[in-house]
Amino acid sequence: MNSKNFESKLVALQSNLLNFAYQLTSNRDDAYDLLQDTTLKALDNEDKYVDNVNFKGWVFTIMRNIFINNYRKGVRSATVIDQTEDLYHLNLPQESGLDTPDGSVAAQEITAAIDSFSDEFRIPFSMHVAGYKYNEIAEQMGLPLGTVKSRIFFARQRLQEMLSDYK
């Protein structure tokens, strides 16, 4: 494919690409940035495009991959890694929301609501909130994985119903 034909096909796809970018980002400015990055990457890699390949699919794949890479880069940059010798930063107080009267009352009500559950729902739900994975909870409680998942689901539903006035 010659360069003019490639560019004309790419320009013809701009509105479709913008719609797809907006679906991915849900933000107008981010969608335009993604569209620009995709267009530049497609133009830079024009020599890698093979004529018998679906051009639209090729360009949309470039956009999706750029979005995924940017998302992963954002997640990595938001992760705090404490590299101090004595792990000083791990011991810094974190903002929990409990310092305000509203926050402490809400936390007390949530805790009371969870404590009102029977053990069959409270224990797996509390373990899940504490960070255990489903399979770890199932193994520790000696229950099937599906049972653990459904108990956590029903506990979450019940908690939402009990605290529905906070919405």
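Computed from a predicted model, the values in this text were never measured in an experiment.

**Considerations on the overall build of the protein chain**
Then step 1. Helix and strand counts for the protein chain come out as eight helices and zero strands.
Then step 2. Secondary structure elements in the protein chain, listed N-terminal to C-terminal, are α-α-α-α-α-α-α-α.

**As for the side chain of Arg151**
Then step 1. Tracing the chain through its elements places Arg151 in helix 8 (residues 145-162).
Then step 2. You can call Arg151 buried: its relative accessible area is 19%.
Then step 3. Setting aside residues up to four positions removed in sequence, Arg151 forms contacts with Glu120, Phe121, Pro124 and Leu143.

**Describing the packing of aromatic side chains**
Then step 1. Taken as a whole and assessed by the stated rule, the structure comprises nine aromatic pairs.
Then step 2. Note on Phe117 and Phe125: the rings are 6.4 Å apart at their centroids and 70° apart in plane angle, and the pair reads as edge-to-face. Each member of the pair, Phe117 as well as Phe125, carries the same accessibility label: buried.
Then step 3. Through successive ring pairs, a cluster of aromatic residues spans Phe6, Tyr49, Phe55 and Trp58.

**Some words on helix 2 (residues 14-25)**
Then step 1. Spanning 12 residues, helix 2 covers 16 Å between terminal C-alpha atoms, matching the ideal 16 Å at 1.5 Å per step.
Then step 2. Listed as buried for helix 2 are Leu17, Phe20 and Ala21. Considered in projection along helix 2, the buried side chains sweep an arc of 105° and stay on one side of the axis. Turned more than 90 degrees away from the buried face of helix 2, the exposed residues are Asn19 and Gln23.

**Some points on a negative patch on the surface**
Then step 1. A contiguous patch of negative charge on the surface is contributed by Asp29, Asp30, Asp33 and Asp37.
Then step 2. Relative to the helices and strands, Asp33 resides in helix 3 (residues 28-44).
Then step 3. A relative accessible area of 41% means that Asp33 is categorised as partly exposed.

**Looking at the side chain of Thr38**
Then step 1. Of note, Thr38 is situated in helix 3.
Then step 2. When neighbours within four sequence positions are excluded, Thr38 is seen to be in contact with Val59, Ile62, Met63 and Ile66.

**Focus on the confidence of the model for the protein chain**
Detailed reading of predicted coordinates is not advised where the pLDDT is low.
Then step 1. When pLDDT is averaged along the protein chain, the result is 83, and 81% of the positions lie at 70 or above.
Then step 2. The least confident element of the protein chain is helix 5 (residues 101-115), whose mean pLDDT is 72; the most confident is helix 3, at 94.

**Focus: the pattern of salt bridges**
Then step 1. According to the stated counting rule, one finds two salt bridges in the structure shown.
Then step 2. Between Asp119 and Arg122 there is a salt bridge whose closest N-O contact spans 2.2 Å. Of this pair, Asp119 and Arg122 both sit in helix 6 (residues 119-129), separated by three residues, roughly a single helical turn.
Then step 3. When its relative accessible area of 24% is taken as the criterion, Arg122 is described as partly exposed.

**Quick look at the packing of helix 6 against helix 8**
Then step 1. At a minimum axis separation of 8 Å, helix 6 and helix 8 run at an interaxial angle of 95°. The orientation of helix 6 with respect to helix 8, classified from their angle, is roughly perpendicular. Packed against helix 6, whose contacting residues are Glu120, Phe121, Pro124, Phe125 and His128, the element helix 8 presents Arg151, Ile152, Phe154, Ala155, Arg156, Arg158 and Leu159 at the interface.
Then step 2. Residues belonging to the contact of helix 6 with helix 8 are distributed by class as follows: seven nonpolar, one polar and four charged.

Reading the values: the criteria
Residues numbered from 1 in each chain as written. Predicted model: local features only at pLDDT ≥ 70, side-chain atom pairs only at ≥ 80, totals over all residues. Heavy atoms only, no water. Helix = DSSP H or I, 4+ residues; strand = E, 2+ residues; numbered from the N terminus. Buried < 20%, exposed > 50% of the residue type's maximum accessible area, 1.4 Å probe, protein only. Contact = heavy atoms within 4.5 Å. Phe/Tyr/Trp six-rings, centres within 6.5 Å; stacked < 30°, edge-to-face > 60°. Expected span 1.5 Å × (residues − 1). Arc of directions from axis to C-beta. Patch = residues over 30% accessible without salt bridge, like charges linked within 9 Å, V, L, I, M, F, W, Y side chains within 5 Å. Areas by Shrake-Rupley, 256 points an atom, 1.4 Å probe, with all protein chains shown as cover. Salt bridge = Lys/Arg side-chain N within 4 Å of Asp/Glu carboxyl O. Lys, Arg positive; Asp, Glu negative; His and termini not counted. Charge placed at Lys NZ, Arg CZ, Asp CG, Glu CD. pLDDT = per-residue confidence, 0-100. Axes fitted to C-alpha atoms, helices over the stretch in contact; angles between N-to-C directions. Parallel < 35°, antiparallel > 145°, perpendicular 65-115°, else oblique. Nonpolar A, V, L, I, M, F, W, Y, C, P; charged D, E, K, R; others polar.

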